[in-house]
Amino acid sequence: RSLFPFAMELGFSVEEYASHKGRIPPIKRQDKRALYVATIEKANALVNSLIEDGHVCDIGVAVFDELHMLGEGGGRGATLEICISKLKFSSPSTHIIGMSATLSNLQDVQKFLDAELYCNNFRPVQLREYIQCERTIYPV
C-alpha cells in the first residue's frame, strides 16, 4: 500500500530517493514536513546535502533497514555505517531507528548506535534457508 494517502491526511509529503528519483538538495517545503524514502546511497547523499546546507538538524527521525549490512566492509554496508555516523555526530537530536530481520551481532550494533534494543521473533512468513551447489538447491 502507498504512504501517499496517509501522508496527505497528516499534512506531510512523501518523496522517493532511488535511482534517478529525488532532488538533492531536497526542495524546502513551506509549513510542510517531508518523509524521504531512500536507498542507502541516496540517503547518504541526502544527509551530505543537509549537512552542507546546515539543515541536518531538521531531521527528526531516520529509519534504517538492513542493519545486518553494517561491518560488511566496503560497498553498501560501509555507506550505511558512514551515513549513520554522520547523522549521529552532526545531528545528535535526530532519533535513529535501525531494523534487521537477520542481525547476528546485536550487542555490537546496539553499542555503535548507543541504542535501546527491541527484539521480536514474530515473522509473518517462515524463514527458510537453502544452499545451492551448481544447479541443485538443498534445504539447510
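Residues numbered from 1 in each chain as written. Predicted model: local features only at pLDDT ≥ 70, side-chain atom pairs only at ≥ 80, totals over all residues. Heavy atoms only, no water.

Caption draft 1: Structural detail: the pattern of salt bridges. With the rule as written, the count across this model stands at two salt bridges. Of the charged contacts, one joins Glu16 and Lys21 as a salt bridge, the two residues approaching to 3.4 Å between their closest N and O atoms. A relative accessible area of 38% means that Lys21 is categorised as partly exposed. The residue Arg76 makes a salt bridge to Glu41 at a minimum N-O spacing of 2.7 Å. Here Arg76, found in helix 3 (residues 75–90), pairs with Glu41, found in helix 2 (residues 40–52); they are 35 residues apart in sequence, far enough to count as distant. (Salt bridge = Lys/Arg side-chain N within 4 Å of Asp/Glu carboxyl O. Buried < 20%, exposed > 50% of the residue type's maximum accessible area, 1.4 Å probe, protein only. Helix = DSSP H or I, 4+ residues; strand = E, 2+ residues; numbered from the N terminus.)

Caption draft 2: Molecular detail of a nonpolar patch on the surface. A cluster of nonpolar side chains, namely Leu3, Phe6, Leu10, Leu35 and Val37, defines an oily patch on the protein surface of about 440 Å² accessible area. Those elements giving two or more residues to the nonpolar patch turn out to be helix 1 (4–10) and strand 2 (33–38). Mapped onto the elements of the fold, Leu3 is located in the segment before helix 1. (Patch = residues over 30% accessible without salt bridge, like charges linked within 9 Å, V, L, I, M, F, W, Y side chains within 5 Å. Areas by Shrake-Rupley, 256 points an atom, 1.4 Å probe, with all protein chains shown as cover.)

Caption draft 3: Seen up close, the environment of Leu50. When you line up the elements, Leu50 lands in helix 2. Exposure remark for Leu50: the relative accessible area of 11% places this residue in the buried category. Considering only alpha carbons, one finds Leu50 and Pro26, 24 residues apart in sequence, at a separation of 8.2 Å. Not counting residues up to four positions away in its chain, the partners in contact with Leu50 are Pro26, His55, Val56 and Ile59. (Contact = heavy atoms within 4.5 Å.)

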